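Close look at the chain arrangement
Here's the letter readout for the chains.
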Amino acid sequence: MITLWDAENTKRIRSMTGHAARVGALSWNSYILSSGSRSGYIHHHDVRVPDHHVATLGGHAQEVCGLKWSPDGKYLASGGNDNVLNVWSNSYNTVDNSPLHVFTQHQAAVKAVAWCPWQPSILASGGGTADRHIRFWNCNTGQCIKSLDTKSQVCSLLWSNEYKEVISSHGYANNELIIWKYPSMIKVAELTGHTSRVLHMSMSPDGTSVVSAAADETLRIWKCFDVDKTKKKAATTTIGKSGSSILRQGIR
């Protein structure tokens, strides 16, 4: 079951059923919430309407452990415990809901998936302990454009919105976070402190900090990036004060 919450008022808005097994991955695309299950299926939910389940994608033989929509909403990337990375079109209301691209180069589970914020067709993916690689894909052409052996299990990936840099979190053997310069993939910094695999990362709204969650049952906040104050000021002045979220209007 999936539940939606009003975080400001700590109130549950609605519950959505449909999966036959646990749900391990979620990703938003406007009013569409996509969910990946242990069954290998992906469901699209339109949170505006009572009959929320609008499409099912079946492209994995094992659990879907990574799921992410591209910034422009054009592509959905899904990674599985079957070592497969799929890229799907947003045109899912068709008879043939097969993936646009099926990438099988990873040799372990693909949990880490992240889209480039300034090139929406560029996807980064990371493989598990038997693979250890970060791979970059051009989803317009279906080509792998770069690959790097990190020497450690890749659990999560994030792109910086301010710099051409990528941050990766790792499990065995180093249990650390690494900041890389893109596209050269020169190592910028290693962030150590966790004592077990770093399963998840999330960027702060201002793009300066990263929070990491690890199997050592700790959360750590890292100050990773400085914000360009000129860009920040320009962005602030363009945001209208009276705008309201389409989700707040539609999720009931």
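Details of the structure are given in the entry above.
A short tour of the structure in this document, coming up. (Residues numbered from 1 in each chain as written. Predicted model: local features only at pLDDT ≥ 70, side-chain atom pairs only at ≥ 80, totals over all residues. Heavy atoms only, no water.)

Helix and strand counts for the protein come out as 2 helices and 21 strands. Counting every position in the protein, which comprises 252 residues, the buried fraction comes to 46%. Long-range pairs, those at least 24 residues apart, make up 39% of the contacts in the protein between residues at least 6 apart in sequence. Counting only carbon and sulfur atoms, one obtains 49% of the accessible surface of the protein, whose full area is about 13000 Å². (Helix = DSSP H or I, 4+ residues; strand = E, 2+ residues; numbered from the N terminus. Buried < 20%, exposed > 50% of the residue type's maximum accessible area, 1.4 Å probe, protein only. Contact = heavy atoms within 4.5 Å. Areas by Shrake-Rupley, 256 points an atom, 1.4 Å probe, with all protein chains shown as cover.)

What links the strands of a sheet is backbone hydrogen bonding, and the strands pair in either a parallel or an antiparallel sense. Here we have 4 strands laid out as an open sheet, ordered β11-β12-β13-β14, and antiparallel in their pairing. Each end of this open sheet is capped by a strand with a single partner; those strands are β11 (110-115) and β14 (143-149). Taking each pair of neighbouring strands and ignoring which way they run, the sheet shows an average axis angle of 20°. Judged from the 6 bridges that link them, strand β13 (residues 133-138) and β14 form a sheet pairing that is antiparallel. Counterpart to Ile134 in the pairing with β14 is Leu148. (Pairing = 2+ DSSP bridges. Axes fitted to C-alpha atoms, helices over the stretch in contact; angles between N-to-C directions.)

Another point: the sheet that holds strand β10 (residues 101-103). Taken together, 4 strands build an open sheet; the order of strands is β7-β8-β9-β10 and the sheet is antiparallel. Where the open sheet ends on each side, the last strands, each with one partner, are β7 (64-69) and β10. Across the sheet, the mean angle from the axis of one strand to that of its neighbour is 15°, orientation sign disregarded. Bridge count for strand β8 (residues 75-80) against strand β9 (residues 85-89) is 5 bridges, and the pairing is antiparallel. Within β9, the residue paired with Gly79 across the bridge is Leu85.

Mapped onto the secondary structure, Thr208 falls in the loop between β19 (198-203) and β20 (209-214). We classify Thr208 as buried; its relative accessible area is 8%. Note: C-alpha distance between Thr208 and Trp222 (14 residues apart in sequence) is 8.6 Å. Residue contacts for Thr208: discarding those within four places in its chain leaves Trp222, Lys223, Cys224, Phe225 and Val227.

This next bit is on the environment of His19. Along the chain, His19 falls in the loop between β2 (11-16) and β3 (23-29). Residues His19 and Met1, 18 residues apart in the sequence, show an inter-C-alpha distance of 7.0 Å. In contact with His19, other than residues within four places in its own chain, are Ile2, Ser35, Ser37, Tyr41, His43 and His45. Only 2.6 Å separates the side chain of His19 from the side chain of Ser35, close enough to count as a polar contact. (Polar contact = N/O pair within 3.5 Å; in protein donor to acceptor, adjacent residues only side chain to side chain.)

Moving on, we get to the nonpolar core. One broad rule of soluble globular proteins: the nonpolar side chains tend to lie buried together. The biggest cluster of nonpolar side chains holds 16 residues, and the ones touching the most others in it are Ile134, Phe136, Leu157, Trp159, Tyr182 and Met185. Of all the secondary structure elements, the ones that give two or more residues to this core are β11, β12 (122-127), β13, β15 (154-159) and β17 (177-181). For this core, the leading source of residues is β15, giving 3 residues. If we skip the residues at most four places from it in the chain, Leu157 touches Ala112, Val113, Ala114, Ala124, Ser125, Gly126, Ile134, Val166, Ile167, Ser168 and Met201. (Core = buried A, V, L, I, M, F, W, Y, C linked by side-chain atoms within 4.5 Å.)

For the rest of this paragraph, the subject is the packing of aromatic side chains. All chains considered together, the criterion is met by 8 aromatic pairs. Taken together through their ring pairs, the aromatic side chains of Trp118, Phe136, Trp159 and Tyr182 make up a single cluster. The side chain of Arg48 reaches across the aromatic face of Tyr31, ending 3.4 Å from its centre. (Phe/Tyr/Trp six-rings, centres within 6.5 Å; stacked < 30°, edge-to-face > 60°. Lys NZ or Arg CZ within 6 Å of the ring centre and 35° of its normal.)

Our focus in this paragraph is the pattern of salt bridges. By the definition in use, this model includes 7 salt bridges. A salt bridge links Glu165 to Lys181, with the shortest nitrogen-to-oxygen separation between them at 2.9 Å. Taken as a pair, Glu165 in strand β16 (residues 165-170) and Lys181 in strand β17 lie far apart in primary sequence, 16 residues in all. By relative accessible area, Glu165 is classed as buried at 9%. Where Lys187 meets Glu190, a salt bridge forms, and the shortest distance between an N and an O atom there is 3.8 Å. Residue class for Lys187 comes out partly exposed when judged on its relative accessible area of 43%. On the basis of relative accessible area, Glu190 is assigned to the partly exposed category, the value being 45%. Salt bridges sharing common partners tie together Arg132, Asp149 and Lys151. (Salt bridge = Lys/Arg side-chain N within 4 Å of Asp/Glu carboxyl O.)

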